[in-house]
Structures are given as C-alpha cells and as structure tokens.
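Next come the chains, spelled out residue by residue.
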Amino acid sequence: MATAYGPDTRDHKGSGARGHTGQGPGPREQAPVKHFLPAALRAPLEARSWRELLYVLLSLPLSTAMFVFATAMTSVSAGLLITFIGVPLLAVGLSVCRGFGVMERARARGLLKLDVAEPVRVRGKSGSPMAWIGAVLKSGVSWRHLLYALLHFPWAVFTFCVSVTFWTYGLMALTYPLWQWVFPLFVGADGIQLYGDRTHAYYLDSPAELAATSAVGLVLVLVSPWIVRGLVSVDRLMVSGLLGPSALSARVTELESDRGVVVDTAAADLRRIERDLHDGAQARLVALAMDLGLAKEKLTDDPEAAARMVDEAHGEVKVALQELRDLARGIHPAVLTDRGLDAALSAIASRCTVPVTVEVDLDARPAQAIEGIAYFTVSELLQNVSKHARATRASVDVWRTSDRLMLQVTDNGRGGAAVSSGSGLAGLTERLDAVDGVLVVTSPAGGPTTVTAELPGAADRRRPAGARHPPGACRAPAGRLRLSRLALALPDARLSPYPLVPPISPRAPSPVPCR
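Residues numbered from 1 in each chain as written. Predicted model: local features only at pLDDT ≥ 70, side-chain atom pairs only at ≥ 80, totals over all residues. Heavy atoms only, no water.

Trainee: Could you clarify how one ought to interpret the overall build of the protein chain in this entry?
Mentor: Regarding its fold elements, the protein chain presents 15 helices and 10 strands. Going through the 515 residues of the protein chain one by one, you find that 36% of them count as buried. By sequence separation, contacts in the protein chain at least 24 residues apart represent 74% of the contacts at least 6 residues apart. For the protein chain, the accessible surface area stands at approximately 28,900 Å², while carbon and sulfur atoms represent 63% of it. (Helix = DSSP H or I, 4+ residues; strand = E, 2+ residues; numbered from the N terminus. Buried < 20%, exposed > 50% of the residue type's maximum accessible area, 1.4 Å probe, protein only. Contact = heavy atoms within 4.5 Å. Areas by Shrake-Rupley, 256 points an atom, 1.4 Å probe, with all protein chains shown as cover.)

Trainee: Is there a simple way to explain the pairing of strand E8 (residues 438-442) in this structure?
Mentor: Residues in a regular strand point their side chains to alternate faces of the sheet. Note that E8 and strand E9 (residues 449-456) share five bridges and pair antiparallel. Counted as the bridge partner of Leu-439 is Ala-453 from E9. Taking the residues between adjacent antiparallel strands as the criterion, E8 and E9 are bridged by six residues, where Gly-446 takes a positive phi near 95 degrees. (Pairing = 2+ DSSP bridges.)

Trainee: What's the story with the side chain of Ser-63 in this structure? I'm lost.
Mentor: Along the chain, Ser-63 turns up in helix H2 (residues 47-79). In terms of polar contacts, Ser-63 uses its side chain to reach the backbone carbonyl oxygen of Ser-59, at 2.5 Å. A distance of 3.1 Å separates a polar side-chain atom of Ser-63 from the backbone oxygen of Leu-60. For Ser-63, the contacting residues outside a window of four places in its chain are His-152, Phe-153 and Ala-156. (Polar contact = N/O pair within 3.5 Å; in protein donor to acceptor, adjacent residues only side chain to side chain.)

Trainee: How do you make sense of the packing of H2 against helix H5 (residues 140-174) when you look at a structure like this?
Mentor: Packed helices, taken two at a time, are described by the angle their axes make and the gap between the axes. For the pair H2 and H5, interaxial distance at closest approach is 7 Å and the crossing angle is 145 degrees. When you trace H2 past H5, the crossing you get is left-handed. Tallied by class, residues from the contact of H2 with H5 come to 20 nonpolar, eight polar and no charged. (Axes fitted to C-alpha atoms, helices over the stretch in contact; angles between N-to-C directions. Left-handed = near helix turned anticlockwise from the far one by under 90°. Nonpolar A, V, L, I, M, F, W, Y, C, P; charged D, E, K, R; others polar.)

Trainee: Can you help me understand the environment of Ser-214 in this one?
Mentor: Relative to the helices and strands, Ser-214 resides in helix H8 (residues 207-242). Along the sequence, Ser-214 and Gly-170 sit 44 residues apart, while their C-alpha atoms lie 8.7 Å from each other. The residues contacting Ser-214, other than those within four sequence positions of it, are Ala-173, Leu-174 and Pro-177.

Trainee: Sorry, what's going on with the confidence of the model for the protein chain here?
Mentor: In low-pLDDT regions, the fine details of the predicted coordinates are not to be read closely. Overall, the prediction assigns the protein chain a mean pLDDT of 74, with 71% of residues at 70 or greater. Confidence drops under a pLDDT of 50 for residues 1-29, and excluding neighbours within four residues, the segment shows 83 contacts in the predicted structure. Note that pLDDT drops below 50 for residues 466-515; the model gives that stretch 67 contacts with residues more than four away or on any other chain. (pLDDT = per-residue confidence, 0-100.)

Trainee: Would you mind going over the nonpolar core with me for this structure?
Mentor: Considering soluble globular proteins, one finds that nonpolar side chains tend to be buried as a cluster. Counting residues in each nonpolar core, the largest one holds 35 residues, and the members touching the most others are Leu-341, Leu-345, Val-356, Val-396, Val-398, Leu-405 and Leu-407. Every element with two or more residues in this core is listed here: helix H12 (341-351), strand E4 (356-361), helix H13 (368-389), strand E6 (394-401), strand E7 (404-411), helix H14 (424-433) and E9. Per element, the largest residue contribution to this core is eight residues, and it comes from H13. Setting aside anything within four residues of it in sequence, one finds Leu-407 in contact with Ala-374, Thr-377, Val-378, Asp-397, Val-398, Val-451, Thr-452, Ala-453 and Leu-455. (Core = buried A, V, L, I, M, F, W, Y, C linked by side-chain atoms within 4.5 Å.)

Trainee: What's the story with the pairing of E4 in this structure? I'm lost.
Mentor: Burial along E4 is one-sided: the residues Val-356, Val-358 and Val-360 are buried and none of Thr-357, Glu-359 and Asp-361 is. Where E4 and E6 come together, six bridges link them in parallel fashion. Residue pairing in the sheet places Val-356 in a bridge with Ala-394 of E6.

Trainee: Help me understand the packing of aromatic side chains in this model?
Mentor: Any aromatic ring pair is given by two values, namely how distant the centres are and how the planes are angled relative to each other. Summed over all chains, the structure comprises nine aromatic pairs. Here Tyr-176 and Trp-179 contribute two aromatic rings whose centre-to-centre distance is 5.2 Å and whose plane-to-plane angle is 85 degrees, an arrangement assigned as edge-to-face. Placement of the pair is Tyr-176 and Trp-179 together in helix H6 (residues 176-179), with a separation of three residues, close to one helical turn. Their ring planes at 85 degrees and their centres at 5.1 Å tell us that Tyr-375 and Phe-376 sit as a pair that is edge-to-face. Here Phe-376 falls in the partly exposed class, since its relative accessible area comes to 27%. In textbook terms, an aromatic cluster arises when at least three aromatic residues are bridged by ring pairs, as seen for Tyr-176, Trp-179 and Phe-183. A cation over a ring is seen here: Arg-107 above Tyr-55, with NZ or CZ 4.0 Å from the ring centre. Taking the ring centre of Trp-226 as reference, the NZ or CZ of Arg-229 above it sits at 4.8 Å. (Phe/Tyr/Trp six-rings, centres within 6.5 Å; stacked < 30°, edge-to-face > 60°. Lys NZ or Arg CZ within 6 Å of the ring centre and 35° of its normal.)

Trainee: How should I be thinking about unusual backbone geometry in this particular structure?
Mentor: Negative phi is the rule for most residues except glycine; trans is the rule for most peptide bonds. The phi angle at Lys-113 is positive, at roughly 55 degrees, despite the residue not being glycine. Take Lys-113: it is sitting in the loop between helix H3 (86-111) and helix H4 (129-138). Owing to a relative accessible area of 57%, Lys-113 belongs among the exposed residues under this scheme.

Trainee: Just to check I follow, could you spell out the pattern of salt bridges for this structure?
Mentor: Pairs can form between side chains of opposite charge once their charged atoms are near each other. Enumeration according to the criterion identifies nine salt bridges in this entry. The salt bridge involving Arg-236 is made with Glu-52; its shortest N-O contact spans 3.9 Å. Taken together, the positions of Arg-236 in helix H8 and Glu-52 in helix H2 put the pair 184 residues apart, joining distant regions of the chain. Salt-bridge contacts for Arg-404 lead to Glu-454; the nearest nitrogen and oxygen are separated by 2.8 Å. Of this pair, Arg-404 sits in strand E7 while Glu-454 sits in strand E9; the two residues are 50 residues apart in sequence, bridging distant segments of the chain. It is possible to trace a salt-bridge network through shared partners that takes in Arg-42, Glu-46, Arg-48, Glu-52, Arg-229 and Arg-236. (Salt bridge = Lys/Arg side-chain N within 4 Å of Asp/Glu carboxyl O.)

Trainee: Explanation requested: H3 in the structure shown.
Mentor: In this model, H3 (26 residues) spans 37 Å end to end at C-alpha, consistent with the 38 Å of a helix rising 1.5 Å per residue. Backbone geometry just after H3 places Lys-113 at a positive phi near 55 degrees. (Expected span 1.5 Å × (residues − 1).)

Trainee: I tried to follow the side chain of Ser-163 on my own but got confused; where do I start?
Mentor: Along the chain, Ser-163 turns up in helix H5. What makes Ser-163 buried here is its relative accessible area of 2%. In contact with Ser-163, not counting residues within four places along its chain, are Leu-53, Val-56, Val-228 and Leu-231.

Trainee: Honestly, a nonpolar patch on the surface in this entry has me stumped. Any pointers?
Mentor: On the surface, Phe-36, Leu-37, Leu-41 and Leu-45 cluster together into a nonpolar patch covering about 510 Å² of accessible area. Structurally, Leu-45 can be placed in the loop between helix H1 (39-42) and H2. Exposure remark for Leu-45: the relative accessible area of 68% places this residue in the exposed category. (Patch = residues over 30% accessible without salt bridge, like charges linked within 9 Å, V, L, I, M, F, W, Y side chains within 5 Å.)

Trainee: I would appreciate a short explanation of the packing of H5 against H8 in the present structure.
Mentor: Running from amino to carboxyl end, H5 crosses H8 at an angle of 170 degrees, the nearest separation of the two axes being 7 Å. Classified by the angle between their axes, H5 and H8 sit roughly antiparallel to one another. For the contact of H5 with H8, the residue count by class is 23 nonpolar, 10 polar and two charged. (Parallel < 35°, antiparallel > 145°, perpendicular 65-115°, else oblique.)

Below, the structure is given as structure tokens:
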C-alpha cells in the first residue's frame, strides 16, 4: 500500500548542500585515498604486508615456547593427578596459558590490527585458593587458551616455512642480475645452476636468462604478500575464536549495556512526561478550577461576566485536551494500538512539512514492543527531515525480510547526515541496539539521504495486520473521563476530529481501547 501525504504533493527544487543529523549539519565526508598503482602491484610496498610478515616470523619462536610449556605442563599435571599436587599445578598452567593469550592478543592488535576483547577474569566465589582453582578448571576460556597453545605451533611452523620460502626466493630472483657476478668470481661457476650431471651443466648467465630470472622473482614478490595474507587470516580466526571471550559472555556484556540504555531512556521519558504534565495540563487545569470558581461566585451578581469566564474556561479545556492528546500520542498513540503501523505512520506523514509517501507491506503485525519502536523511529526520522533536511519529498517503506522488520526513510534533501555523538541519530542507534536492532545511514553530501533500520520482526500471530483492538477491554482513566464530560457539558463544545477519547454519553460511558 502506497499513500502520499503532505501539505503539497507537487515536486519542488531542493536547496542546500549540507546534511542533517537531528542536531545540526553533519561533518564533511572524507574523500577516499587515490592510489596510482593497483592493489596487486602496491601490496609488496604496503606497511600491512610487512607487519603480517613480521607476525609470521615472530610466531615460530613464540609458538614453540608456548607449545613446549603446554605439553610439559599437561603431561606433568596428568601424571600427578593421582596426587593432590596435579590439580593446582594444572590450574597454574592454565593461568600461564591465559597470560600467553594476553601477549597474543596484543601482538594481533599491533601487527594485524585485530582487536579482540579481553575475556572475563576468573574469580573464585569465596576468594580462597581452592575456589580459584575450581574456577580456573571450570572456565572454558582457560581450556581454549591451552588448545590455542597446542594448535598454533604446527600452523606457525607451516606458515613460517611457506612465507619465508616465497619471500626469500622472490627477492633473490628479482635481484639476481645485481649479484650474479659473485658466482664466477668466488664460486667458480657462471651463475645459478639449474641442471648438471657428469657430462654437462646448465647455468643462468646470459642477459636473457638474467632478465627471465628477474621476471620470475618479480612475480613471486608480487604474489608473496597475498599468500602471507591468506595464511595470516587463519591466525586471525584462531586468535578471535580461541583467545576471545565466549559467545555467552559477550552476550551478557551486550545485554548489560543494553539494559543500561533502556533504563536511562525510560527514566528520561518519565521525566519528560512529568515535566509536560506539571508545566502544561496541570497548570491549565488549576487555572480552569479557579476560573470556574470565580464564575460560580459571579453567576447571580454579574451573569455576563460569568458567561465570559465560562467561555474562557471552555477554551482552556480544549487546550488542555490537546496537550493531553499530544502527551498520550508521545507515550503510545491510540491509532497504533487500534489499526497498526500502516495507519499510524500515515498519521505521522500527514503532519510532516514535506510530502511523504508511505508504503507498508506486512502480512502480520509485529510484536507490540517492536511496533512501538518502529513507530517512534520513523517519527523522529521524519522530524529530522522536516527540521534539517531541506527536502521537497520523502518516503517511508516498511517490510519484513525473514524474521527481521525493515524500515527505510528516504529524502531528497541536502544530505551529509552522520551518526555523531549527541545527535538524534546516535540516540536512535542506541535505542535500536537495545533490542538487537541496526541503524544504517547513507547520506552523501548533496543528498539523497537514506536511513535504514532493522529490527527483530517476529510477527504477533494473535494480531493480524490491520486488526483493531478488541472493544470493551478497559475504560479511560477517570481524570480523562471527567475532562471529556466537562468539555461536553460546556456550551458550544467542539472537539477535534481525533478526540483523545470517543464521545461519551452522560448516561452510559462507552468503553475505549486499552492503552
């Protein structure tokens, strides 16, 4: 379903060259570095290639030391397990292996630019030596460090031999014309001997053979960095898979961070609601009570003044209703509960300052929490479009891919949006991350801007798409019912086309949907 909304659906010429982030213009994007040589030719000259070669060269002595220690420690501990000495000795050996892991992570961080998080430290429950020994032996991280020390040694021997062979033969063949004179002067031969027996021998000594040897060396030099890079990729997998934190530990850390974000967001929302109620509707209701009290006193003495005061109170009631309606929409809009994302996003688009096309393709409604997050995400993105983008049109697309709910908001504004610290997009990113969501911003300078959000999209099968909330489930709060009755009781009461609660009969108030 596609629908266009806005004050004017005609296309206009956009203006502006800088982007929007929800807090102001975004930083200018850095142009990519241009290289005169293709990647295949500049690889031997890059610092990355030499760092990876240094990593391979250091791996052999370090892995040899780790392998010797791991095998000796494991053998001695296994032999002494029949006594009590083998248990603490094994725990100490595993702790030393974890120390080796710290060194390997630092080496990978410095030479391979691979940043692996530190695993959770082992702590005993009571702080006693026996508790620490038990915690070390039960820690899967400790045993994975031991496995790394055992497996990395044969791989380090293989990568050392292959890397050194390719680099050595490549550099020697490439520079062969420069040192070929050594053979006739000191060795008594014409050059490198390719073949020889009792009757004859074949040497590389002619200019053409020197050039061919140098060409083969150039090929080997160009290929060697890529071979080393492929071998080092296995080291990357071993370091990240065996020396990093476990998946469960990483998930616990992520959930703790997300919980903090959710708690902070909820506290900020509560403070906002309290401030809006205290400074808005509450102040108006207090003034309304005072005006009605004065009107009651003047009703018999000065009916005309009392009528004017009642008329002013009527206006205050309508303003208070509008403020409560806006506040309720900010908490959780009724149209989202009753009619789903399609109608709720259409309502947002109708209030946007630029024409917006909304297209929602969902076979079933998402879970209520995900549906609410999707609604407020689109709402804030459209507010950014209205305030900062200088766009002439925008579009909102919602669809489901597998078990993920996808949102995409696009505008033809000035671009340059960035998820910088303190911006509205940064806050959206934190909120989506709290529910395992992702926010991707594509906004080159000059536009267009495309913001894609991905949320867990498990459908709520109990609520088909477009289904209304079951009627009669609950009633409106007493304060809102009294305020609505007051507005209906006042003369010439005219509510907006979308009242906060449905018109209520004085005799039998009708039920309203649950919020």
